[in-house]
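Observations on chain architecture
Each chain is listed here by its residues.
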Amino acid sequence: MALFKVISGRLYQAFLLLVVMSLIGFVGIHSVGNPVYNIVNIETATPDDIRRATELLGLDQPLWRQYLVFVQNLATGSFGTSYIYHLPAFELVLSKLSATIELAAFAILIAAAAGTGLGLLAGTRPGTLVDRMVVIVTVYALSVPSFWLSMMLVLFGAVMTGWFPSGGRGSTVDLFGWEWSFLTADGLKHLVLPVLALAIPNIALIARLARAGTVEVQRADFVRFCLAKGLSDRHILFRHTLPNISLPIVTIVGLQFGGMLAFAMVVESIFAWPGVGKLLIDSIQLLDRPVVMATLTFVAITFVALNAIVDLLYAVLDPRVRISA
Amino acid sequence: MTIMTSLRLSQRRIRGALTLPNGILALFVLAAITAPVLAPQNPYDMLQILGWEASSPPGTMSGNGYRYLLGTDGLGRDIASCILYGLRISLVVSVVSAAAAAAIGLTLGVVAAYFGRWVDAVIMRAVDLQLSLPTMLVALIAIVTLGPGVDRIILALIIVQWATYARVVRSVALSEAGKPYVDAVRTMPLSHGRIILRHLLPNSIAPAITLLPIEIGHAVALEATLSFLGLGVPMDQPSLGSTVANGFQYLLTGQYWISLFPGFALFALIAAINFAGEDIRRLWDPRSRSL
């Protein structure tokens, strides 16, 4: 019963969030520019053409009526049609999804593995050279602005050495109706730099968390008990320490994965990676309002859903949470 | 706390503050303040820019009689001068927005904790809404709505940042508000405003102070990112982010200096702020010392 209450409360809050966000986003994107000028040919269009295009898009209506139309369309599952691509906006977002997902998934997997590894390495040897190196290097890694990191990866990984391509997805393979790059050698090569750009700050973040957790857990009585019992260091580390530090790591992995869907737009713009983030940036610049709304809603829903999943995982990973909830 | 221990503590604080990153940070601030004197060129003044010296590599002599130490960009602007002037914008935007966000968040957090009930509910729901979306997304919506410009970007960053302060401060203020001294002042004929400002707020301020440097670092990065995406400060007022962005198209043809150096300055600035923030946190919050 308590669980039901928690879930319904969360759903209600998520719903409220989406309503408020759609309202703010709607007013926001409708307060800038006039998309008609991006649609008609500005040199040949007569005032009559412009007027007709405006009426066709419903832009002559007052804002509140446009919002009502938007909500009405939403109730039938439609975000409207893209002004630029003349495709249903939500389908357009979905078609770009596989590119962003494979980027974010690879980045977060690498970050989780490398970050946890570094954190355990440093945390079991507090105060040593390795530990201090990890602590200092991670601050630097967290300070690099992601767009500059991406550009430096382009400069050193592509322009100067020619090891990796500087942008694009390379050749893709169709699987389950989506295009995937990681299934071809060429696609994998294209993935390396953008994945690194997304992963590096997250490796640092996870390493710091894992290190702090390890330092704390290593001092705990149960670790000393395990030592007294004669268990090997490796056994203690992976069977006892790791599960105990996993909670904050799972949280940050979930949150960062959601954040990546939003933050990937910088990395995607630089590497010309045709994902959701690049679509959002391009649509904002082209004033393609239906696509902007569809993308914003999609990212928000994903983020909220991931938050909820993380909360549920808590209960699975930590029995204490189950009892107190 | 005796006078001696507090003296020793403040001594430790002063000594702790004399680190390399803090020195670098001080240099950055100094460079930003003295930019008009230090910079050989004013990159905002088109008359001082020689268009035919565009994209000169580092070390080229200028026709104006000085050396382009770090080269010029695609318009002929001296990169070193762009960095110095860009620093001003980055620092002003981040410090002003973080300070304003801290003031707003602090006040709302304390007010929520003091009044409780519906005031608390309204403020905290707004905080929840704000924090349940990725920062970048909130910043993006805000800046698109507000439009470009330095004042707009400050406003957008305030909108992004206030909620974090409000949440952290409220949790501390809640426990403070339950203490006997607050009950005691509540029995006196003092206005709510006075109790909040003179008694509750000073005792709830610590977490906001440890948060401030971290948020300033975030603000520098966010401003640069928004400017990089072409949504931040306008092109004729180059910030560090937009200077880096300008260089992107030249990067692929090997003219690395346009984005390399300003980006490195940005990176060093954020790193220095983050290290300073770590120091402050260590001194103010003993629990995080193991981090």
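Check the entry above for the structure.
Residues numbered from 1 in each chain as written. Chains lettered and ligands numbered in written order. Predicted model: local features only at pLDDT ≥ 70, side-chain atom pairs only at ≥ 80, totals over all residues. Heavy atoms only, no water.

A few words on the overall build of chain B. What chain B contains, in helices and strands, is 12 helices and 2 strands. The secondary structure elements of chain B, listed N-terminal to C-terminal, are α-α-α-β-β-α-α-α-α-α-α-α-α-α. Counting across all 291 residues of chain B, residues that qualify as buried make up 51%. For chain B, the share of sequence-separated contacts (at least 6 apart) that also reach a separation of at least 24 residues comes to 69%. Accessible surface, chain B as shown: approximately 13,100 Å² in total, 68% of it carbon and sulfur. (Helix = DSSP H or I, 4+ residues; strand = E, 2+ residues; numbered from the N terminus. Buried < 20%, exposed > 50% of the residue type's maximum accessible area, 1.4 Å probe, protein only. Contact = heavy atoms within 4.5 Å. Areas by Shrake-Rupley, 256 points an atom, 1.4 Å probe, with all protein chains shown as cover.)

Every contact between the two is made by 36 residues of chain B and, on the other side, 47 residues of chain A. Our count for the chain B to chain A interface comes out at 0 salt bridges. Only α5 (117-131), α6 (135-146), α10 (206-228), α11 (240-251) and α12 (257-284) of chain B provide two or more residues apiece to the side of chain B that touches chain A. Per element, the largest residue contribution to the side of chain B that touches chain A is 11 residues, and it comes from α12 of chain B. Residues belonging to the side of chain B that touches chain A are distributed by class as follows: 25 nonpolar, 9 polar and 2 charged. (Salt bridge = Lys/Arg side-chain N within 4 Å of Asp/Glu carboxyl O. Nonpolar A, V, L, I, M, F, W, Y, C, P; charged D, E, K, R; others polar.)

Residues F147, M151 and I270 of chain A together with L140 of chain B are the most contacted members of the largest nonpolar core, which totals 141 residues. Among the elements that take part in this core, helix α4 (residues 79-115) of chain B stands out by supplying 17 residues, more than any other. Mapped onto the domain boundaries, this core takes at least three residues apiece from domain 1 (2-75) and domain 2 (96-285) of chain A. In this view, F147 of chain A contacts V266 and I270 of chain A together with A224, T225, F228, G241, V244 and L266 of chain B; residues no more than four positions away in its chain are not counted. Within the second largest apolar cluster, 13 residues are counted, among which are A210, V223, I249 and I252 of chain A. (Core = buried A, V, L, I, M, F, W, Y, C linked by side-chain atoms within 4.5 Å. Domains from an automatic or database assignment.)

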